[in-house]
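# Descriptive structure summary
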Amino acid sequence: MIPALMPTYNRADLAFERGEGARLWTVDGRRFLDFGAGIATTSLGHGHPHLVKTIAEQAAKVMHVSNLYRVPQAEQLAARHVAASFADSVFFCNSGAEANEGMVKAVRKYHAENGNPERFHMICFEGAFHGRTLAMLSATGNEKYLAGFGPPVQGFEHVPFDNMNAVRSAITPQTAGIMIEPIQGEGGVRPAPIRFLKELRQVCDEFGLLLALDEVQTGMGRSGKLWAHEWAGIEPDVMSSAKGIGGGFPLGAILAKEKVAKHLKPGTHGTTYGGGPLACSAGNAVLDVILAEGFLANVDRVARHLWTSLEALAAKHPSVVECAQGAGLLVGLKLTPDVSNGEMQSAAVAEGLLTVAAGMNVLRLAPPLVITEADVDEAIELLDRACRRMTPSKAKAAAK
């Protein structure tokens, strides 16, 4: 018999009843250090007092009115994001996949409105992940995810990550833009080199393309800056955001320059739930914390401590960990071929640490942005124990 809850996930046998900061407790009283943060989503950790209070107060007033009317909370949140970013205008939605869909629509609409409707192709990258809708599966380009869902949506070309020659070779008169994650999360926690991001900005300017950044996972302070592209000193033309933007409450956004945003006129794009009073109140509460003086500097400081600690861990367990990779508080352990990330994830759970598997046999760490150096030290101790569990035995090595 199929379960009532559709089995689209291989769920761990863990059910949590409460959380505080970077810690979660199961219904049977077990305690875990959460270095997955709901896949980089609970940016302020669990039960953050300001976020909880804001959501409760707004829920008691009004939760939903639809976008047939003004939503002051959305207007305020949009203005704050514009003030803190490259963008001139913001569209709010519900998820990362929805934000990416809208971002691609905005790129296509820009060219159509400028007299070039044939320019609707996006250059994307091998190892990307942009969401589970039909179009975003096509933008992702992973055959495993596409299998069984019919022909891919046209208009997405894939080239190797960090290969400028391949990018230039892929540009045609039909090319509209380039879509990239500053750090590939699902694709193995691989950061795009700063040089490569700069070159992408240059080639977009050269050929009249739009640079579309998927900052669903990398944005909202995860890199140590509000947006990961800031490290490269560039600006996109349009950008998607979600996950950490609502601190765990469903919220997504498309941030765009005026030249792009002005073409999304009434009737061209929409959403029933997106940008509602409750979600945008949560988004404002998250910004209250992240934009507070010293917060992002502390994220960067703790992230550097995590990085050096992971490098030391890799050096200590060379038969388990090849290297650390990533940036900010989105980092991963690239495991040796003898150790699968699924097995390593289970070993970490057994020690009381929650992590997330990623592609290329990487164990992903994306903790809440409020963690301390002491939390990092505890996580490293738990990972050290997990590595000892996974160290190949001498007998196994001899057999090989």
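The structure reproduced in this document is the subject of the present report.

Parameters and conventions
The residue count restarts for each chain, going from 1 along the sequence in the order it is written. In view of the model being predicted, local features appear only for residues whose pLDDT reaches at least 70, and side-chain atom pairs are presented and counted only at 80 or more, with totals across whole chains, interfaces and linings using the full set of residues. Values reported for side chains reflect all heavy atoms of the structure, with hydrogen atoms and water molecules removed beforehand. Helix and strand assignments follow DSSP, with helices taken as H or I runs no shorter than four residues and strands as E runs no shorter than two, numbered in order from the N terminus. C-alpha atoms define the radius of gyration, and 2.2 Å times the number of residues to the power 0.38 defines the globule rule. Any two residues having at least one pair of non-hydrogen atoms within 4.5 Å are treated as being in contact. The Shrake-Rupley method, run with a 1.4 Å probe sphere, supplies the accessible areas, and residue values consider only the shown protein chains as cover. Strand pairing is defined by DSSP finding a minimum of two bridges between the two strands. All axes are obtained by fitting lines to C-alpha atoms, using only the stretch in contact for helices, and the reported angles, taken between N-to-C directions, cover 0 to 180 degrees. Any Phe, Tyr or Trp ring, taking Trp's six-membered ring, that has another such ring centre within 6.5 Å forms a pair; planes under 30 degrees apart are called stacked, those over 60 apart edge-to-face, and the others tilted. Working definition: with a 1.4 Å probe on protein chains only, accessible area under 20% of the residue-type maximum means buried, over 50% means exposed, and in between means partly exposed. Counted as over-ring charges are cases with an Arg CZ or a Lys NZ within 6 Å of the ring centre that also lie within 35 degrees of the ring normal. A residue counts toward a patch only above 30% relative accessible area and without a salt bridge, and it is joined to like-charged neighbours within 9 Å or, for Val, Leu, Ile, Met, Phe, Trp and Tyr, to nonpolar neighbours within 5 Å. Salt bridge criterion: a side-chain nitrogen from Lys or Arg within 4 Å of a carboxyl oxygen from Asp or Glu. The cut-offs work like this: below 35 degrees is roughly parallel, past 145 is roughly antiparallel, 65 to 115 is roughly perpendicular, and the gaps in between are oblique. Less than a right angle of anticlockwise turn of the near helix away from the far helix marks a crossing as left-handed, whereas a clockwise turn marks it as right-handed. When residues are grouped by polarity, Ala, Val, Leu, Ile, Met, Phe, Trp, Tyr, Cys and Pro land in nonpolar, Asp, Glu, Lys and Arg in charged, and all others, Gly among them, in polar.

Before going further, it helps to examine the overall build of the protein chain. The secondary structure content of the protein chain amounts to 14 helices and 17 strands. Radius of gyration (C-alpha) of the protein chain: 21 Å, near the 21 Å computed for a compact globule of 400 residues. Structurally, the protein chain occupies a C-alpha span of about 70 × 55 × 50 Å along its principal axes. Here the contacts in the protein chain between residues at least 6 apart in sequence split such that 72% fall between residues at least 24 apart. Summing over all exposed atoms, the protein chain offers an accessible surface of approximately 17,800 Å²; the carbon and sulfur share of this is 55%.

Before going further, it helps to examine the sheet that holds strand β2 (residues 23-26). Ordered by their spatial adjacency, 4 strands build an open sheet running β1-β2-β3-β15, and the pairing between neighbours is mixed. Edge positions in the open sheet fall to β1 (16-20) and β15 (353-354), since each of these has one partner strand only. In the sheet, β1 pairs with β2 via 4 bridges, with the strands oriented antiparallel. In the sheet register, Arg-18 faces β2, and the bridge partner there is Trp-25. Together, β2, β3 (31-34) and β15 form the strand contacts of helix α13 (residues 373-390), whose direction differs from that of β3 by roughly 110°.

Okay, the packing of aromatic side chains next. Geometry of an aromatic ring pair is reported as the spacing of the ring centres plus the angle between the planes. With the rule as written, the count across this model stands at 5 aromatic pairs. A centroid spacing of 6.2 Å and a plane angle of 85° characterise the contact between Phe-125 and Phe-161, whose relative ring orientation is edge-to-face. Here the residue Phe-125 occupies a position in strand β5 (residues 121-125), and Phe-161 occupies one in the loop between β6 (156-159) and α7 (164-170), the gap between them amounting to 36 residues. The pair Phe-125 / Phe-161 is uniform in exposure class, with both members buried. Ring geometry for Phe-161 and Phe-196: centres 6.4 Å apart, planes at 70°, overall edge-to-face. Pair noted here: Phe-161 is in the loop between β6 and α7 and Phe-196 is in helix α8 (residues 194-207), with a separation of 35 residues, a long-range link. Assigned by exposure class, Phe-161 and Phe-196 land together as buried. Three or more aromatic residues link up through ring pairs in this structure, and these residues are Phe-125, Phe-161 and Phe-196. Sitting over the ring of Trp-25, Arg-18 keeps its end group 4.1 Å from the ring centre.

On to the environment of Arg-132, then. One can find Arg-132 in the loop between β5 and α5 (134-140). Residue Arg-132 is classed as exposed on the basis of its relative accessible area, which comes to 55%. Taking the C-alpha atoms as reference points, Arg-132 and Leu-5, 127 residues apart in sequence, are found 18 Å from one another. Excluding residues that lie within four positions of it along the chain, Arg-132 makes contacts with Ala-97, Leu-137 and Tyr-145.

Moving on to the sheet that holds strand β7 (residues 175-180). Sheet architecture is open: 7 strands sit in the order β4-β12-β11-β10-β7-β5-β6, paired in mixed fashion. The outermost strands of the open sheet, each flanked by one partner alone, are β4 (89-93) and β6. Looking at each pair of strands side by side, their axes are set apart by 20° on average, direction ignored. The sheet contact formed by strand β10 (residues 210-214) and strand β11 (residues 238-241) spans 3 bridges and is parallel.

For the rest of this paragraph, the subject is a nonpolar patch on the surface. On the surface, a cluster of nonpolar side chains totalling about 400 Å² of accessible area is made up of Val-62, Val-65, Leu-68 and Tyr-69. On the accessibility criterion, Leu-68 (72% relative accessible area) is exposed.

For the structure shown, the criterion picks out 23 salt bridges. Put simply, Glu-57 and Lys-53 hold a salt bridge, and the shortest N to O gap is 2.7 Å. Of this pair, Glu-57 and Lys-53 both sit in helix α2 (residues 49-59), 4 residues apart, which is roughly one turn of the helix. On the basis of relative accessible area, Glu-57 is assigned to the partly exposed category, the value being 40%. The salt bridge partner of Lys-316 is Asp-384, with a shortest N-O separation of 3.1 Å. Taken together, the residues span a long stretch of sequence, with Lys-316 in helix α11 (residues 295-316) and Asp-384 in helix α13 at a distance of 68 residues. We classify Asp-384 as buried; its relative accessible area is 10%. Several salt bridges converge on common partners, so that one network encompasses Arg-23, Arg-31, Asp-375 and Glu-378.

Between helix α12 (residues 341-351) and α13, the least distance of the axes is 8 Å, while the angle of their chain directions is 125°. With respect to each other, α12 and α13 are oriented oblique. You can see that α12 and α13 cross each other, and the crossing is right-handed. Here Glu-343, Met-344, Ala-347, Ala-348, Ala-350 and Glu-351 of α12 lie close against α13, whose contacting residues are Leu-382, Leu-383, Arg-385, Ala-386, Cys-387, Arg-389 and Met-390. A per-class count over the contact of α12 with α13 returns 9 nonpolar, no polar and 4 charged.

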